[in-house]
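# Structural characterization, general
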Amino acid sequence: MEKYFDYLKSLHLIFVITWFAGLFYIVRLFVYQIEAAKKPSPDKEILQQQYKIMTYRLWYIITWPSAVLATIFALTLLYIRPVFLELPYMHVKLGFVFLLFLYHAKCHQIYKQLQRNEIKFTSNFMRLWNEGATIILFAVVFLIVVKDAINWIYGVLGILLFSILIMLGFRFYKRIRERNDANSGK
């Protein structure tokens with residue numbers, strides 16, 4: 001099986017990419033679904049129905065299969081080279097992967113709620129929630145690329161700084177949107 005390692009690693013990477021693409025886009029669709037609920041009829045019903053179809057297809061045809069296949073290929077890679085489990089950076093990476101699974105599970109819960117027209121979050125919360133996957137992606141990519149060369153203290157501080165910058169950017173964007181909405185009379 002060792003001779004197939006690079007092929008399996010490539011497939012793992014492809015499905016990680018499509019998994020993240022699905023997670024990024026599904027939360028964006030959540031934003032649109034929540035905002036559609038505030039529209040007047042018949043726009044509200046038409047948009048909600050279309051977004052339900054789009055989220056269903058994205059979630060069950062792209063995102064879930066990608067998550068499952070990325071996991072299968074990852075476990076296969078670890079089976080072929082169990083020495084990876086002895087490396088400190090891999091422990092940290094697997095911690096972030098665990099957070100990714102929690103993020104995915106929460107997105108699934110939100111997906112199910114929105115399919116039932118239960119809106120429990122604001123569109124602004126969803127915009128901020130969307131950055132969770134970005135933070136996990138940055139952390140995992142940097143861990144894999146720099147491996148043991150990373151100084152863990154600086155790495156953790158960098159991720160925290162990045163998270164703070166995302167939140168500040170979100171607040172700035174929210175103010176611009178509110179100002180534009182006020183100027184356009186909405």
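In what follows, the structure referred to is the one given above.
This one's a predicted model, so the numbers in the text were calculated from it and none came from an experiment.

Pairing of side chains with opposite charge becomes possible as their charged atoms draw close. Evaluation of the coordinates by the stated rule reveals five salt bridges. With its nearest N and O atoms 2.9 Å apart, the salt bridge here joins Arg-116 to Glu-118. Residue classification places Arg-116 among the partly exposed positions, given a relative accessible area of 49%. Residues participating in the shared-partner salt-bridge network are Arg-116, Glu-118 and Lys-120.

Axis separation between helix α1 (residues 5-36) and helix α4 (residues 123-146) bottoms out at 8 Å; the angle between their running directions is 175°. The angle between α1 and α4 falls in the class roughly antiparallel. Residues Phe-20, Leu-23, Phe-24, Val-27, Arg-28, Phe-30, Val-31, Ile-34 and Glu-35 of α1 lie in contact with α4, whose contacting residues are Ser-123, Met-126, Arg-127, Trp-129, Asn-130, Ala-133, Thr-134, Ile-136 and Leu-137. Its residues placed into classes, the contact of α1 with α4 shows 12 nonpolar, three polar and three charged.

A separate point is the environment of Ala-70. Secondary-structure assignment places Ala-70 in helix α2 (residues 43-80). As for Ala-70 and Leu-11, which are separated by 59 residues in sequence, their C-alpha atoms are 7.6 Å apart. In this structure Ala-70 touches His-12, Phe-15, Val-16 and Trp-19, once residues within four positions along its chain are discounted.

In this structure, Gln-48 sits in helix α2. Setting aside its immediate chain neighbours within four residues, Gln-48 contacts Ala-36, Ala-37 and Asn-117.

Relative to the 34 Å expected for 24 residues at 1.5 Å per residue, α4 spans 36 Å between its end C-alpha atoms, a close match to the ideal helical length. When we look at burial in α4, the residues that qualify are Ser-123, Met-126, Arg-127, Asn-130, Ala-133, Thr-134, Ile-135, Ile-136, Ala-139, Val-140 and Leu-143. Looking one or two residues past α4, Lys-147 carries a phi angle of roughly 45°, positive in sign.

Turning our eyes to something else, we now look at the packing of α1 against α2. At a minimum axis separation of 7 Å, α1 and α2 run at an interaxial angle of 155°. In this view, α1 runs roughly antiparallel relative to α2, as classed from their interaxial angle. Judged by the sense of rotation from one axis to the other, the crossing of α1 with α2 is left-handed. Of the residues belonging to the contact of α1 with α2, the class tally is 25 nonpolar, nine polar and three charged.

Moving on, we get to empty space enclosed by the protein. All told, the structure shown has two cavities of 30 Å³ or more when counted by the stated rule. Size it by volume and the largest cavity reaches roughly 40 Å³. In terms of lining residues, the largest cavity is bounded by Gln-33, Gln-48, Lys-52, Leu-114, Asn-117 and Ile-119. Of the residues contributing to the lining of the largest cavity, the split by class is two nonpolar, three polar and one charged. Space inside the second largest cavity adds up to approximately 30 Å³. Lining the second largest cavity are Ile-34, Ile-110, Gln-113, Leu-114, Glu-118, Ile-119, Lys-120, Phe-121 and Met-126. Element by element, the count of residues in the lining of the second largest cavity is highest for helix α3 (residues 88-115), at three residues. Residue composition of the lining of the second largest cavity, by class: six nonpolar, one polar and two charged.

Parameters and conventions
Within any chain, residue numbers begin from 1 and follow the written order of that chain's sequence. Restriction of local features to residues with pLDDT of at least 70 applies here, the model being predicted, together with a cutoff of 80 or more for giving and counting side-chain atom pairs; totals for whole chains, interfaces and linings are based on all residues. Think of the side-chain values as coming from all heavy atoms in the structure, minus any hydrogens and water. We define a salt bridge as a contact between a side-chain nitrogen of Lys or Arg and a carboxyl oxygen of Asp or Glu at a distance within 4 Å. The buried label goes to any residue with under 20% of its type's maximum accessible area, the exposed label to any with over 50%, and the partly exposed label to all in between, with areas taken from a 1.4 Å probe on protein chains only. Between N-to-C directions, angles cover 0 to 180 degrees, with each direction set by a line fitted to C-alpha atoms, over the stretch in contact for helices. Helix numbering and strand numbering both begin at the N terminus, where a helix is a DSSP run of H or I of at least 4 residues and a strand a DSSP run of E of at least 2. Angles are sorted into four bins: roughly parallel if under 35 degrees, roughly antiparallel if over 145, roughly perpendicular if 65 to 115, and oblique for all others. Residue contacts are defined here by distance: any two heavy atoms, one from each residue, within 4.5 Å place the two residues in contact. We call Asp, Glu, Lys and Arg charged. Ala, Val, Leu, Ile, Met, Phe, Trp, Tyr, Cys and Pro are nonpolar, and the rest, Gly among them, are polar. For a helix, the expected span equals 1.5 Å multiplied by the number of residues minus one. Each crossing is labelled by how the near helix is turned from the far one, with a counterclockwise turn of less than a right angle marking it left-handed and a clockwise turn marking it right-handed. In this analysis a 1.4 Å probe is tested at points of a 1 Å grid over the protein atoms alone, and where it fits but cannot get out there is a cavity; an open set with protein on both sides within 12 Å along at least five of seven lines is a pocket; lining residues have an atom within 4 Å of a point. Grid points are joined across faces, edges and corners, and a volume is the space filled by probe spheres set on the points.

Don't take any of this as a statement about function, it's just geometry.
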